[in-house]
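A closer look at the structure
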Amino acid sequence: MKCRRCKKEAEVELRSHNAAFCRDCFLLFFYNQLNKAIKQFRMFTKKQRILLAVSGGKDSMSLWLALVELGYDVTALFVDLGISGFSELARKKVVAFSERFNAPLRVVDLKEEGIPIPEVVKKLKRPACAVCGRIKRYYFNMEGLRGGFDVLATGHNLDDETSRLFSNVLHWKMEYLEDQAPVLPDEDGLLRKVKPFFRLTEFEIAAYAFFKGIDYLTSGCPFSKGATFSSYKRHLNRIEYESPATKIDFYQGFLKNLRPLLKKKAKEELHHCRVCGYPTFGDVCFVCRLKGFE
Ligand code: AMP
Ligand code: FES
Ligand code: ZN
């Protein structure tokens, strides 16, 4: 198979783009898709400060390198969840990346904050992922706002977005559909959020990480066995195999046809947490209550 661009021997076949590329041309394609996403949704400019949430996994580590290489002002934020055997490894990978590329990194350690995930889960007896997601979001926002960042980026990819969309449509979760987009504006004193990898698949990102020699964490979190939406990812991949480009069409179609019709319902009025100032419906926010403030 020959590269579509330069006719050298191809290394990657992308059926959804009806193309195959050699390594160099694949990298051009990859940056092109990323640039398209950033420009199409006016995610950020080179003058703005980006806080990128980095987990140590392939998506956020790849986005970190790609944004550094494209010359964006990016600082990574790693939240150490305090999950033994998992968080130490992830932290090592993130710190090693930061040293290797001389890229700024901030770390929040949930043990130091007094709320490591295993203890919180034991105490609340609630599914780990929901609680963990809420705590992570809290620190993404707090670090972003305190650090004066313009925007928060995450490593969500096309497979994440389409599997979530598929699940939300199958169950008609309108309130979740309203919150699904590559860009969420800042509101209630929370940071603007962007997903610059929404056009790129897990496979494409894995190829990028491999070509760039990124050392990322391959093991998953021990609390999220059978991770959310993974069965929907499998179903979508089967459809994609038979009809290439279905995933990107599904997502772009949603953005074009359904998304503009979804109007956000007015929420109950938010207050500011008495202890930390974070937006909350009550007097004290979720994280401050976990820390023992009432
Ligand atoms: P996940 O929900 O694990 O698929 O992660 C989605 C995105 O959230 C990742 O691509 C990262 O941008 C971010 N993220 C997840 N876990 C962490 C973490 N412990 N620290 C910082 N960012 C994270
Ligand atoms: Fe949060 Fe596993 S990453 S519970
Ligand atoms: Zn608070």
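So, here's what we can say about the structure.

Cut-offs applied
Residues numbered from 1 in each chain as written. Chains lettered and ligands numbered in written order. Predicted model: local features only at pLDDT ≥ 70, side-chain atom pairs only at ≥ 80, totals over all residues. Heavy atoms only, no water. Core = buried A, V, L, I, M, F, W, Y, C linked by side-chain atoms within 4.5 Å. Buried < 20%, exposed > 50% of the residue type's maximum accessible area, 1.4 Å probe, protein only. Helix = DSSP H or I, 4+ residues; strand = E, 2+ residues; numbered from the N terminus. Pairing = 2+ DSSP bridges. Contact = heavy atoms within 4.5 Å. Axes fitted to C-alpha atoms, helices over the stretch in contact; angles between N-to-C directions. Right-handed = clockwise from strand over helix to strand, strands pointing away. Near = heavy atom within 4 Å. Polar contact = N/O pair within 3.5 Å; in protein donor to acceptor, adjacent residues only side chain to side chain. Areas by Shrake-Rupley, 256 points an atom, 1.4 Å probe, with all protein chains shown as cover. Nonpolar A, V, L, I, M, F, W, Y, C, P; charged D, E, K, R; others polar. Patch = residues over 30% accessible without salt bridge, like charges linked within 9 Å, V, L, I, M, F, W, Y side chains within 5 Å. Salt bridge = Lys/Arg side-chain N within 4 Å of Asp/Glu carboxyl O. Lys, Arg positive; Asp, Glu negative; His and termini not counted. Charge placed at Lys NZ, Arg CZ, Asp CG, Glu CD.

Some thoughts on the nonpolar core
Phe26, Phe44, Trp64, Leu110, Ile135, Tyr139 and Tyr208 are the most contacted members of the largest nonpolar core, which totals 90 residues. The leading source of residues in this core is helix α1 (residues 23–40), at nine residues.

As for the sheet that holds strand β7 (residues 183–184)
Spatial strand order, β5-β4-β3-β6-β8-β7: six strands in an open sheet with mixed pairing. The sheet is open, and its two edges are formed by β5 (105–109) and β7, each paired on a single side. The sheet contacts of helix α5 (residues 128–146) involve β3 (49–53), β4 (73–80), β5, β6 (151–153) and β8 (192–194), and relative to β4 the element is tilted by about 140 degrees.

Looking at the environment of Phe30
Along the polypeptide, Phe30 turns up in helix α1. When the C-alpha atoms of Phe30 and Phe97 are compared, they prove to be 20 Å apart, with 67 residues separating the residues in sequence. The contact partners of Phe30, leaving out residues within four places of it in the chain, are Phe197, Leu200, Glu204, Ile205 and Tyr208.

Quick word on the pairing of β5
Note on strand geometry: in a regular strand, side chains alternate between the two faces of the sheet. Bridge count for β4 against β5 is five bridges, and the pairing is parallel. In the strand pairing of β5, Asp80 is matched with Asp109. Remark: the β4/helix α3 (residues 87–101)/β5 crossover connection has right-handed handedness.

Describing the site of ligand 1
Neighbouring ligand 1 are the residues Ala53, Val54, Ser55, Ser60, Leu77, Phe78, Val79, Lys136, Phe140, Thr154, Gly155 and His156. Within the backbone of Val79, one N or O atom sits 2.9 Å away from a nitrogen atom of ligand 1. At a separation of 3.0 Å, an oxygen atom of ligand 1 approaches a polar backbone atom of Gly155. Starting from 480 Å² of accessible surface for ligand 1 in isolation, the protein chains cover 74%. Going through the elements one at a time, β4 and α5 are the ones with two or more residues in the shell around ligand 1. A per-element tally of the shell around ligand 1 places β4 first, with three residues. When its residues are assigned to classes, the shell around ligand 1 shows six nonpolar, five polar and one charged.

Let's talk about a positive patch on the surface
Positive charge collects at one region of the surface, where Arg126, Arg134, Arg137 and Arg289 lie side by side. Here Arg137 lies in helix α5.

A few points about the pattern of salt bridges
For the structure on display, the rule yields 14 salt bridges. When the shortest N-O distance is used, the salt bridge between Glu143 and Arg106 registers 3.6 Å. Here Arg106 lies in strand β5 and Glu143 lies in helix α5, a separation of 37 residues in the sequence. Here Glu143 falls in the buried class, since its relative accessible area comes to 17%. For Arg106, a relative accessible area of 29% translates into the label partly exposed. Notably, a salt bridge pairs Asp159 with Lys247, separated by 2.6 Å at the nearest N-O pair. Taken together, the positions of Asp159 in helix α6 (residues 158–170) and Lys247 in helix α10 (residues 246–258) put the pair 88 residues apart, joining distant regions of the chain. In terms of burial, Asp159 and Lys247 fall into one category: buried.

Comments concerning the environment of Arg100
Its place among the elements puts Arg100 in helix α3. A C-alpha to C-alpha distance of 29 Å links Arg100 and Pro182, two positions 82 residues apart in sequence. Discounting residues that sit within four places of it in the chain, Arg100 has contacts with Lys212, Gly213 and Ile214. A polar side-chain atom of Arg100 sits 3.1 Å from the main-chain carbonyl oxygen of Gly213.

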